[in-house]
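# Architecture at a glance
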Amino acid sequence: MLPYGRQSISEEDIEAVTAILRGDWLTTGPTVTAFENAISELTGGHRAVSCTSGTAALHMAYAGLGVGPGDEVVTTPMTFVATASCAAILGAKIVFADVEDDTALIDPAAVEAAVTDRTKVIAAVDYAGHAADYDALQPIADRIGAKTLDDAAHSVGGTYRGRPVGDLADVTTLSFFPTKNLTTGEGGAVVAKDPAIGQKVHEYHFIGLVRDPERFEITGEGPWHQEVHEYGLNYRLTDVACALGLSQLKRLAEFKKRRTEITARYNEALKGVDGLRTPAQREDVDPAWHLYPVRVLGGRRREVFDGLRAAGIGVQVNYIPVYWHPVFANQGYQRGMCPNAEQFYREEISLPMFPDLTDADVDRVIETLTKLVS
């Protein structure tokens, strides 16, 4: 079976990890700091806090932004459930805004219609690795006193109007799952433009511990003292994982280049095929393609999906609209509320996409797909 996504691990990656295992620090050590500094440099120089997953990053980000009961978070239904559920866990009401027909990115016009004076965060998703339209979203947030969040689980390494992912929204979350653009095994990060938010995010992921003596409310204790002012969780990423991440970062440009080549090869072969629709790209965006989401028209998605799987080609569907999940549907969210997202879901198949995919592999996918739809 040709997988639809997988990690690319080099001997240098393995050596970087084993060096940590032979050393003194397995966690909370200097390699974590080095990785966070490298992520900061990649994403515009803002505070970066590493963590155990992209889901943890979202939970931390919403907590750092002060999301809680009575707040609303406007987001896209065309995403993994965590973009919404991590705000809901904190007590927020989730308001879904429909996506653009061609990109499956959150539609700023739909966001404009959805925001209220209770909106705390507008959370966009860089679906498939293509940045959303943050120059349209940020003024909406600023006008109502809300913050923007970029769920960049798919897009690290990409740019929008010459600015890197991580510098596009008030807060950005990243994922380093094995199929993503770089990996730490499991892992993620939060990037915050506001240092105060970055510090809140850091403390939340560090069990809420405060270690700055100038902020202590309990005085007169010894140098061992630390205290908790607000609840937090242990979402710390280990030095072992960060060593892998640092090593992977050295090849991020290479990974992005290969993903771009694969996308171009798919586009060239599939753009004129009846019954298919290839992904759109805005002129002002340089994506870091994480997915290749082709659309199968005419109600044949399931037939083509099963045919590809039967031919040994691993494909996936990304994603079921979030509010279709029973956890949201049972709260009263109705199908039909975001028709563009629902139509996209009915047609989408994610074709194999990872840096070690060969041209011969890509051509095999193309040949099999075109035979199935013709």
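The name given to the chain in an unreviewed UniProt entry is UDP-4-amino-4, 6-dideoxy-N-acetyl-beta-L-altrosami ne transaminase, with the source organism recorded as Kribbella alba. Turning to the chain, the UniProt record has this under Sequence similarities (unreviewed entry): "Belongs to the DegT/DnrJ/EryC1 family." Note on the chain: under the UniProt heading Cofactor (unreviewed entry), the record states "pyridoxal 5'-phosphate".

What follows covers the packing of helix 2 (residues 30-42) against helix 8 (residues 239-249). Angle between the axes and distance between the axes: these two values describe a pair of packed helices. In contact at an axis separation of 8 Å, helix 2 and helix 8 are set at 35° when each is read in the N-to-C sense. Crossing angle aside, the handedness with which helix 2 passes helix 8 is left-handed. Residues P30, T31, V32, A34, F35, A38, I39 and L42 of helix 2 form the contact with helix 8, whose participating residues are D239, C242, A243, G245, L246 and L249. Residues of the contact of helix 2 with helix 8, tallied by class, amount to eleven nonpolar, two polar and one charged.

Okay, the pattern of salt bridges next. A full pass over the atoms with the stated rule returns 24 salt bridges. R282 is the salt-bridge partner of D102, the closest N and O atoms lying 2.8 Å from each other. Of the two residues, D102 is situated in the loop between strand 3 (93-96) and helix 5 (108-114) and R282 in the loop between strand 12 (276-277) and strand 13 (285-286); the sequence distance between them amounts to 180 residues. A residue is classified by how much of its surface remains accessible, and D102, at 28% relative accessible area, is partly exposed.

What follows covers helix 8. Taking burial as the measure, the eleven residues of helix 8 include nine buried ones, the bulk of the element. The complete set of buried residues in helix 8 reads D239, A241, C242, A243, L244, G245, S247, Q248 and L249. In this structure, the buried residues of helix 8 make contact with helix 1 (11-21), helix 2, strand 1 (47-51) and helix 9 (252-270).

Definitions and limits used
- Residues numbered from 1 in each chain as written.
- Predicted model: local features only at pLDDT ≥ 70, side-chain atom pairs only at ≥ 80, totals over all residues.
- Heavy atoms only, no water.
- UniProt positions renumbered as here; feature names shortened; annotations may be inferred.
- Axes fitted to C-alpha atoms, helices over the stretch in contact; angles between N-to-C directions.
- Helix = DSSP H or I, 4+ residues; strand = E, 2+ residues; numbered from the N terminus.
- Left-handed = near helix turned anticlockwise from the far one by under 90°.
- Contact = heavy atoms within 4.5 Å.
- Nonpolar A, V, L, I, M, F, W, Y, C, P; charged D, E, K, R; others polar.
- Salt bridge = Lys/Arg side-chain N within 4 Å of Asp/Glu carboxyl O.
- Buried < 20%, exposed > 50% of the residue type's maximum accessible area, 1.4 Å probe, protein only.

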